Amino acid sequence: MELYIVDAFTSQRFSGNQAGVALLGAEEVFPSEEEMTALAGELKHSETVFVKERQEGGFHLRYFTPGGEVDLCGHATVGAFTALREKKGLRPGEYPVHTLAGDLSVGVTEEAVWMDMAAPKVLRVFSPEEIPPLYEAYGLTPAQKPEGLEAKIVSTGLADILLPVTAEGLDGAKQDRDKVLALSEYYDVVGFHLFCLHETGTARCRNFAPRYEIDEEAATGTSNGALTWLLYEAGRIREGEENSFLQGEAMGKPSLICSRLTMEGGRPKIRVGGPGVLSLEAKLL
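No experiment lies behind these values; they were computed from the predicted model shown.

**Overview of the nonpolar core**
Moving on, step 1. Core analysis: the largest hydrophobic core is formed by 53 residues, its most contacted members being Val51, Leu61, Phe81 and Leu227.
Moving on, step 2. Among the elements that make up this core, the one with the highest residue count is helix 2 (residues 74-88) (6 residues).
Moving on, step 3. Aside from chain neighbours lying at most four places away, what touches leucine 227 is Leu162, His193, Phe195, Ala203, Cys205 and Phe245.
Moving on, step 4. Of all hydrophobic cores here, the second largest spans 23 residues; its members include Leu134, Tyr135, Ala173 and Phe192.

Encoded structure:
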């Protein structure tokens, strides 16, 4: 097993969002879930991806936080294919990928990695009575919600509460960890994705997932995939355009996540992508 740390959604080392990447050899099998969870905790990043090439072609990816396995992770996928390109000579092209969220396609170029999201699903539109506690969990009020955007639970592989806020609300949000944890468990979501529209990009964002031991995350591909669908339904973005999401500024790790939505046979297809850079290589003793 070869271990790497990759900075995803950035071309600047020690910026973006760090992911652990474990590349398994041809004869190796996935370690036990307990071992993979423990290794994710040892590497101390929000997600570590375990990568195995499949005999029938493509790759099998499994994603672990220090708290356990999750179905999908955008920045770890960018990290995995950055490592495969840089360390294993993986050529640009399209590759089939098997994950717990389903079978996806990942596109590799010389500069970036693009991945399919699972089909978008709106899982909940909050009632007026349910909205105030969502804002209170961040020291905010519903008055800090911009007009024309609503809080929803949306999934493109992982379910998040997408919470629209003003720019001042985004910058001033202070997480009440216990409240956020309780709400995340009650609604069975990974966490909260706060966002505000941005004049020079699509949106600025902050992401919180204490349910999975992630107090704040610098870049989240799946969350911004879900946000792409919410904004498309709200008429804020258009089919075929490249969208840009700024995240991680509050952590001193600015990240740029891009997305594109197209309709194929009347069904939406969302891709999320960005660059990545190798920062560390490790050896498991």
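That covers the picture; the talk isn't over yet.
**Some points on the pattern of salt bridges**
When the charged atoms of two side chains lie near each other, side chains of opposite charge can form a pair.
Moving on, step 1. Throughout the structure, instances matching the rule amount to 21 salt bridges.
Moving on, step 2. With its nearest N and O atoms 3.0 Å apart, the salt bridge here joins glutamate 56 to arginine 54.
Moving on, step 3. With a shortest N-O distance of 2.9 Å, arginine 62 and glutamate 69 are connected by a salt bridge.
Moving on, step 4. Salt bridges here are not isolated pairs; linked through shared partners, they connect Glu94, Asp116, Glu264, Lys269 and Arg271.

**Regarding the packing of aromatic side chains**
Moving on, step 1. What the rule picks out here adds up to 9 aromatic pairs.
Moving on, step 2. With a centroid separation of 4.9 Å and 50° between ring planes, the pair formed by tyrosine 138 and phenylalanine 208 is classed as tilted. With tyrosine 138 in the loop between helix 3 (131-136) and strand 10 (152-155) and phenylalanine 208 in strand 13 (residues 203-209), the pair connects residues that are 70 residues apart, well separated along the chain. Pair check on accessibility: tyrosine 138 and phenylalanine 208 agree, each one buried.
Moving on, step 3. One aromatic cluster is present, formed by Phe59, Phe81 and Tyr95 through successive ring pairs.
Moving on, step 4. The ring of phenylalanine 30 is capped by arginine 62, whose NZ or CZ atom sits 5.5 Å from the centre of that ring.
Moving on, step 5. The ring of tryptophan 114 has arginine 260 lying over it, and the distance from NZ or CZ to the ring centre is 5.0 Å.

Rules and cut-offs
Residues numbered from 1 in each chain as written. Predicted model: local features only at pLDDT ≥ 70, side-chain atom pairs only at ≥ 80, totals over all residues. Heavy atoms only, no water. Core = buried A, V, L, I, M, F, W, Y, C linked by side-chain atoms within 4.5 Å. Buried < 20%, exposed > 50% of the residue type's maximum accessible area, 1.4 Å probe, protein only. Helix = DSSP H or I, 4+ residues; strand = E, 2+ residues; numbered from the N terminus. Contact = heavy atoms within 4.5 Å. Salt bridge = Lys/Arg side-chain N within 4 Å of Asp/Glu carboxyl O. Phe/Tyr/Trp six-rings, centres within 6.5 Å; stacked < 30°, edge-to-face > 60°. Lys NZ or Arg CZ within 6 Å of the ring centre and 35° of its normal.

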